2 protein chains.
Amino acid sequence: MLVAVPLFDRFTSLDAVGAYEVLSFLPDVEVVFVAAERGPVRDVRGWLAMTAGATFDEVESCDLLLVPGGPGTRVLLEENPLLDWIRRMDATSEWTASVCTGSLLLGAAGLLTGLKATTHWASAELLESLGASYTTDRVVFQGKVVTAAGVSAGIDMALALVARLTDELTARAVQLGIEYDPQPPFDSGSPLTATSEIRARFRELAAQRARAS
Amino acid sequence: MLVAVPLFDRFTSLDAVGAYEVLSFLPDVEVVFVAAERGPVRDVRGWLAMTAGATFDEVESCDLLLVPGGPGTRVLLEENPLLDWIRRMDATSEWTASVCTGSLLLGAAGLLTGLKATTHWASAELLESLGASYTTDRVVFQGKVVTAAGVSAGIDMALALVARLTDELTARAVQLGIEYDPQPPFDSGSPLTATSEIRARFRELAAQRARAS
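Residues numbered from 1 in each chain as written. Chains lettered and ligands numbered in written order. Predicted model: local features only at pLDDT ≥ 70, side-chain atom pairs only at ≥ 80, totals over all residues. Heavy atoms only, no water.

Draft legend 1. Quick look at the relation of the copies chain B and chain A. The operation relating chain B to chain A is a screw motion whose rotation component is 180 degrees, with 0.0 Å of axial translation and a residual RMSD of 0.0 Å. The operation mapping one copy onto its partner corresponds to a two-fold rotation axis. Closest approach to the rotation axis within chain B is made by the C-alpha atom of B:M50, at a distance of 2.3 Å. Most of the interface of chain B is mirrored in chain A: 100% of its interface residues are interface residues there too. (Least-squares fit on C-alpha atoms with pLDDT ≥ 70 in both. Contact = heavy atoms within 4.5 Å.)

Encoded structure:
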């Protein structure tokens with residue numbers, strides 16, 4: 001089973017790594033990080049770089065396509081080699097999945113038309129403009145297309161995928177392996193419960209990050 | 001504020017990246033990944049490589065030391081340059097933190113003697129052999145030394161650190177930023193609730209991973 005994860009400039013590292021860590025426990029799996037060129041690809045802040053081990057041309061098909069998001073998605077919504085490659089992967093994949101604003105790339109590739117899907121809460125309108133119907137569910141299965149909400153939701157999605165790809169016992173064992181017994185110190189992780197003050201503070205922090213990166 | 005994250009062969013990527021993603025939202029922060037040599041460092045499965053931007057010699061102090069874990073820790077428990085560097089960082093750090101079996105490295109460096117600490121549940125005895133008193137708490141604060149339980153617990157720890165480094169509103173905004181409203185599909189993330197069957201399946205998966213990597 002081949003899992004292919006595209007990387008692009010200014011991706012969000014936890015989008016990719018949360019799901020990767022879970023899926024890497026699968027028996028008989030292989031994971032490849034793919035980009036326009038081999039070599040390091042920098043995340044949104046530029047401090048973290050992950051190595052692409054193959055180019056888009058070198059990966060002709062995969063069983064599970066896993067598309068992370070990040071601010072870098074915004075400049076990839078018009079036709080470009082990544083969208084072409086996503087469509088090629090999806091043509092024969094068993095599963096096509098995204099985390100966070102990775103779903104914007106699936107939408108821009110034309111893969112979400114008429115489907116329910118999710119994304120980072122702050123990008124819901126943009127997702128809808130790309131043909132999908134945004135839902136506030138944390139993980140959305142639509143046939144073989146699976147989308148997860150913002151960043152950390154990739155962990156929940158990957159555990160659900162492991163259960164479908166293997167069995168519930170294995171998925172529970174992976175959950176124990178990553179000791180995923182979450183105890184957030186606050187209850188502000190959802191746009192449905194966060195106050196307007198918290199949203200405003202988030203927008204300040206995001207703007208600072210954008211200026212600094 | 002400088003956050004320094006050491007990397008080493010066969011580290012666990014989510015240990016580093018869960019906490020990194022949270023801390024990278026801090027205003028006025030800079031993060032550096034550090035290793036024996038600059039360049040890519042491979043994780044436990046070898047599919048993911050993160051780039052070290054500086055060598056141990058090049059980072060002489062930091063404000064927050066964040067030590068990830070992984071199977072690679074096992075060969076680093078005897079005297080070696082990483083333990084030396086950890087002790088040097090800790091001498092002047094404001095916070096010294098670890099995720100998962102990163103606490104074994106803190107213990108091997110002599111920093112946990114007589115302290116309560118946590119680690120990945122499967123390494124509790126090894127942690128105690130290094131002088132710490134293992135607790136099942138997910139995040140353990142002991143003065144400036146903070147340890148998190150296995151892998152995903154780094155996210156909870158980092159949110160708690162952001163609250164102490166800034167304020168609760170900022171920490172809540174970061175939680176919203178990573179949409180951390182966890183909804184694990186199962187309840188098997190803690191060794192306190194997982195059955196012996198789930199533990200046995202985990203040990204099988206971990207052994208497969210070890211053989212394959």
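Draft legend 2. Molecular detail of helix α5 (residues 153–165) of chain A. Residues and elements named next belong to chain A. Between the first and last C-alpha of α5 there are 18 Å, a value that for 13 residues agrees with the 18 Å anticipated at 1.5 Å per step. Across the 13 residues that make up α5, a large majority, 10, are buried. By the burial criterion, the buried members of α5 are A153, G154, I155, D156, M157, A158, L159, A160, L161 and V162. (Helix = DSSP H or I, 4+ residues; strand = E, 2+ residues; numbered from the N terminus. Expected span 1.5 Å × (residues − 1). Buried < 20%, exposed > 50% of the residue type's maximum accessible area, 1.4 Å probe, protein only.)

Draft legend 3. Representation of the domain arrangement of chain A in the model. All names here are of chain A. Structurally, chain A comprises domain 1 (2–182) and domain 2 (186–213). If you average the C-alpha positions of domain 1 and of domain 2, the two centres end up 23 Å apart. Tallying the contact residues gives six residues for domain 1 and eight residues for domain 2. Taking both partners together, domain 1 and domain 2 bury about 740 Å²; carbon and sulfur atoms supply 66% of that area. The largest share of the area that domain 1 buries against domain 2 comes from V44, R45 and W121, three residues that together contribute 67% of it. (Domains from an automatic or database assignment. Buried area = accessible area lost by both parts, 1.4 Å probe.)

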